[in-house]
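Listed below are the residues making up each chain.
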Amino acid sequence: MSQFSEEIRKRRTFAIISHPDAGKTTLTEKLLLFGGAIHVAGAVKSNKIKKTATSDWMEIEKQRGISVATSVMGFNYDDYKINILDTPGHQDFAEDTFRTLTAVDSVIIVVDIAKGVEAQTRKLMEVCRMRKTPVIVFVNKLDRDGKDPFDLLDEIEEELQINVRPLSWPIDMGQRFKGVYNIFEEKLNLYTPSKQFVTENIEFKDINSPELENHIGAPLAVKLRSDIELIEGVYPEFDVNTYLAGDVAPVFFGSALNNFGVKELLDCFVRIAPSPRPVQAIERKVEPEEDTFSGFVFKIHANMDPNHRSCIAFVKVCSGRFERNANYKHIRHGKMMRFSSPTAFMAQKKEVLDEAFAGDIVGLPDTGNFKIGDSLTAGEDLHFKGLPSFSPEMFKYIENDDPMKTKQLNKGIDQLMDEGVAQLFINQFNGRKIIGTVGQLQFEVIQYRLLHEYGAQCRWDPISLYKACWIESDNAQVLENFKKRKVQYMAVDREGRDVFLADSGYVLMMAQNDFPQIKFHFTSEF
Ligand code: G4P
């Protein structure tokens, strides 16, 4: 038992993910209301730039301002300390979300009952699967008509490639929605459409009791019994260990907007969701209960004020206790650093913290010392393994449009890449810089920020590329030959690793066929 076990046991650090519009913001807000962290609905407007199809600078700037406050929302519930990590809604910022997933111990996925599993959820789930992150599914908007729940469960299993186990079950839906039967707690929760905290909770251990008819009427009672029987027959009994191993996702139904099914979700969540889990460093596995502090940077947020180029580096505490004014080692730079005003994030407030424990997120004011993936420890050389960067989807040459500002441009590009805004490759053939992104919006953000924060002007030149592949081979000669043959398509990333820029799927396939001794990776560990 470590001196911090008690603190660590209480912590639940997680992210809510969904396709835009499924109800992530609404659910987050209701959870904060239950935690007493906010008092009015509408207080969390989160990272909402998703609805602006074309980019709207005011929105982006607003979002950047707000998202510092809503990046992490901490609150206490019962005996638990809960940290919700916010993720951007817009798909062009998916990389941000991927990285945030490296800092959480579990995830809640929100699925819209009518729309089912959507593209972005599928992609995010891939990351959860890779990391074996435990997942709970919340099926939202039961106050509207949607898919048959059994069909939806099949769809979730198929599309998200995870086994599911319903822990609550809806009684009808849409206008006729009556409530849910909470299988986990054996309670009947009756629904009254309202945005207040009123749910009627009735202990109901035996759904065969004729009492059920009194509550929901005969036809629905019969249907519920047969549904539950089917569930018990089809899905294995819920075993929390299969959930913790990332093999089975418990499923809840409700309506976030109407505050229905949210408390049930939260009550179950705090009971079953993992407290901070061990984190793998290159050197060894780090246990949260260890006595000494260690952590890593998973997000960097530049400040709004262009005159003070200060950032906040978000550190996930992996082990021990972080203390204000203590000396910690910045592993990449090999130097000791002291932080006099680290911040904690409590719901909408930022405040200076004196200590934080494994599972917590600490904000460190920074002026360019950190980049994503950096490790910070009490002294031991540990390098935490992060999430690989994925091959970008879009590529453009970045060119200097103001020769007087070359230095500013280079510095700006460097810092934006440290923040993880996009990926930079240098073409080995012509020496030109190529920026790779997930979506068009990122190019616009980069151009805007270079101008406003660094006074540099850039221009985008088109380049038609399909994928960036990190290549390696046990045979150095083969690798050299390949690089010579493909010289026009060879680049290096910021770590100096070889990257093959394939301009079409066909070219890539041919290269793979012609060079079987070369491994082509579509992701790279940062
Ligand atoms: P997101 O963060 O996942 O993008 O979704 P968000 O919570 O913003 O919800 C998207 C829309 O769905 C919002 O409506 C929200 O009110 C609605 N919504 C969320 N939960 C429920 C629910 O349980 N039932 C119903 N019927 N609707 C729900 P909007 O009109 O787009 O935005 P707003 O003007 O209400 O903010």
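Structure shown above.
The present account deals with the structure reproduced in this document. (Residues numbered from 1 in each chain as written. Predicted model: local features only at pLDDT ≥ 70, side-chain atom pairs only at ≥ 80, totals over all residues. Heavy atoms only, no water.)

**Here we look at the overall build of the protein chain**
1) Next: Counting secondary structure elements, the protein chain contains 14 helices and 33 strands.
2) Next: Across the protein chain, the fraction of contacts at a sequence separation of at least 24, relative to all contacts at a separation of at least 6, is 72%.
3) Next: Counting every atom, the protein chain has about 22300 Å² of accessible surface; 49% of that belongs to carbon and sulfur. (Helix = DSSP H or I, 4+ residues; strand = E, 2+ residues; numbered from the N terminus. Contact = heavy atoms within 4.5 Å. Areas by Shrake-Rupley, 256 points an atom, 1.4 Å probe, with all protein chains shown as cover.)

**Details of the nonpolar core**
1) Next: Ranked by size, the top nonpolar core spans 68 residues in total, and within it L101, V139 and W169 carry the most contacts.
2) Next: Taken domain by domain, the makeup of this core includes at least three residues from each of domain 1 (14–74 + 85–176 + 236–272) and domain 2 (279–377).
3) Next: Every residue in contact with W169, bar those within four places of it in the chain, is listed here: P149, F150, L153, G179, V180, Y181, I183, L224, D227, I228, I231 and F253.
4) Next: Counting residues in hydrophobic clusters, the runner-up holds 30 residues, among them M73, F75, I108 and V110. (Core = buried A, V, L, I, M, F, W, Y, C linked by side-chain atoms within 4.5 Å. Buried < 20%, exposed > 50% of the residue type's maximum accessible area, 1.4 Å probe, protein only. Domains from an automatic or database assignment.)

**Considering helix α12 (residues 440–454)**
1) Next: For α12, built from 15 residues, the straight-helix expectation of 21 Å at 1.5 Å per residue is met to within 8% by its first-to-last C-alpha distance of 21 Å.
2) Next: For α12, the complete set of buried residues consists of L441, Q442, F443, V445, I446, Y448, R449, L450, E453 and Y454.
3) Next: Phi turns positive one or two residues past the end of α12, at G455, with a value near 65 degrees. (Expected span 1.5 Å × (residues − 1).)

**Regarding a negative patch on the surface**
1) Next: Together, D148, D151, D154 and E158 make up a negatively charged patch on the protein surface.
2) Next: Along the chain, the position of D148 falls in the loop between β5 (135–140) and α6 (149–160).
3) Next: For D148, a relative accessible area of 35% gives the class partly exposed. (Patch = residues over 30% accessible without salt bridge, like charges linked within 9 Å, V, L, I, M, F, W, Y side chains within 5 Å. Salt bridge = Lys/Arg side-chain N within 4 Å of Asp/Glu carboxyl O. Lys, Arg positive; Asp, Glu negative; His and termini not counted. Charge placed at Lys NZ, Arg CZ, Asp CG, Glu CD.)

**Quick notes on the packing of aromatic side chains**
Each aromatic ring pair is specified by the distance between its two centres and by the angle formed by the two planes.
1) Next: Scanning the entire structure with this criterion turns up 22 aromatic pairs.
2) Next: Residues Y191 and F260 carry aromatic rings whose centres are separated by 5.2 Å and whose planes lie at 80 degrees to one another, so their mutual orientation is edge-to-face. Of the two residues, Y191 sits in the loop between β9 (187–190) and β10 (200–203) while F260 sits in the loop between β11 (248–253) and α10 (262–272), which places them 69 residues apart along the sequence. Each member of the pair, Y191 as well as F260, carries the same accessibility label: buried.
3) Next: Each member of the aromatic cluster is reached from another via a ring pair, and the members are F482, F500, F515 and F520.
4) Next: Above the ring of F314, the side-chain terminus of K299 is found at 5.7 Å from the ring centroid. (Phe/Tyr/Trp six-rings, centres within 6.5 Å; stacked < 30°, edge-to-face > 60°. Lys NZ or Arg CZ within 6 Å of the ring centre and 35° of its normal.)

**Concerning the environment of D366**
1) Next: Within the element layout of this structure, D366 appears in strand β22 (residues 361–366).
2) Next: You can call D366 buried: its relative accessible area is 5%.
3) Next: On a C-alpha basis, the gap between D366 and H301 in space is 9.5 Å, while along the polypeptide they are 65 residues apart.
4) Next: Of note is the side chain of D366, whose polar atom sits 2.9 Å from the backbone nitrogen of N369.
5) Next: Separated by 3.1 Å, the side chain of D366 and the backbone nitrogen of F370 make a polar contact. (Polar contact = N/O pair within 3.5 Å; in protein donor to acceptor, adjacent residues only side chain to side chain.)

**Observations concerning the state of the cysteines**
1) Next: One pass over the structure, following the stated rule, counts zero disulfides.
2) Next: Distance from the sulfur of C128, which forms no disulfide, to the nearest cysteine sulfur (C268) is 17 Å. (Disulfide = S-S within 2.5 Å.)

**Quick look at the pattern of salt bridges**
1) Next: Applying the stated criterion across every chain yields a total of 40 salt bridges.
2) Next: Between K187 and E185 there is a salt bridge whose closest N-O contact spans 3.1 Å.
3) Next: Salt bridges linked by common partners bring E399, D401, R432, R459 and D461 together as one network.

**Overview of the side chain of N427**
1) Next: With respect to the helices and strands, N427 occurs in strand β26 (residues 423–427).
2) Next: Of note is the side chain of N427, whose polar atom sits 3.4 Å from the backbone nitrogen of N430.
3) Next: Other than its neighbours up to four places away in sequence, N427 contacts Y397, R432, I434, Q488, M490 and A491.

**Description of helix α2 (residues 24–34)**
Spacing of three or four residues puts side chains on the same side of an α-helix, whose turn is 3.6 residues.
1) Next: Most of α2 is tucked away: ten of the eleven residues are buried.
2) Next: Residues K24, T25, L27, T28, E29, K30, L31, L32, L33 and F34 constitute the buried set of α2.
3) Next: Check the buried side of α2 and you find it contacts β1 (11–18), β2 (72–77), β3 (80–85), β4 (106–112), β5 and α10.
4) Next: With its phi angle positive at about 70 degrees, G36 sits one or two positions after the end of α2.

**What about the pairing of strand β31 (residues 498–502)?**
1) Next: By the criterion of burial, β31 is predominantly enclosed, with five of the five residues buried.
2) Next: Side chains D498, F500 and A502 project from β31 onto one buried face, and the interleaved V499 and L501 project onto a second face that is buried too.
3) Next: With four bridges joining them, strand β29 (residues 467–472) and β31 adopt antiparallel strand pairing. Following the sheet pairing, W470 is matched in β31 by V499.
4) Next: Here three bridges tie strand β30 (residues 490–492) to β31, and the two strands are oriented antiparallel to one another. In the strand pairing of β31, M490 is matched with F500.
5) Next: Here β30 folds back onto β31, and the loop between the two strands holds five residues, one of which, G496, carries a positive phi near 85 degrees. (Pairing = 2+ DSSP bridges.)

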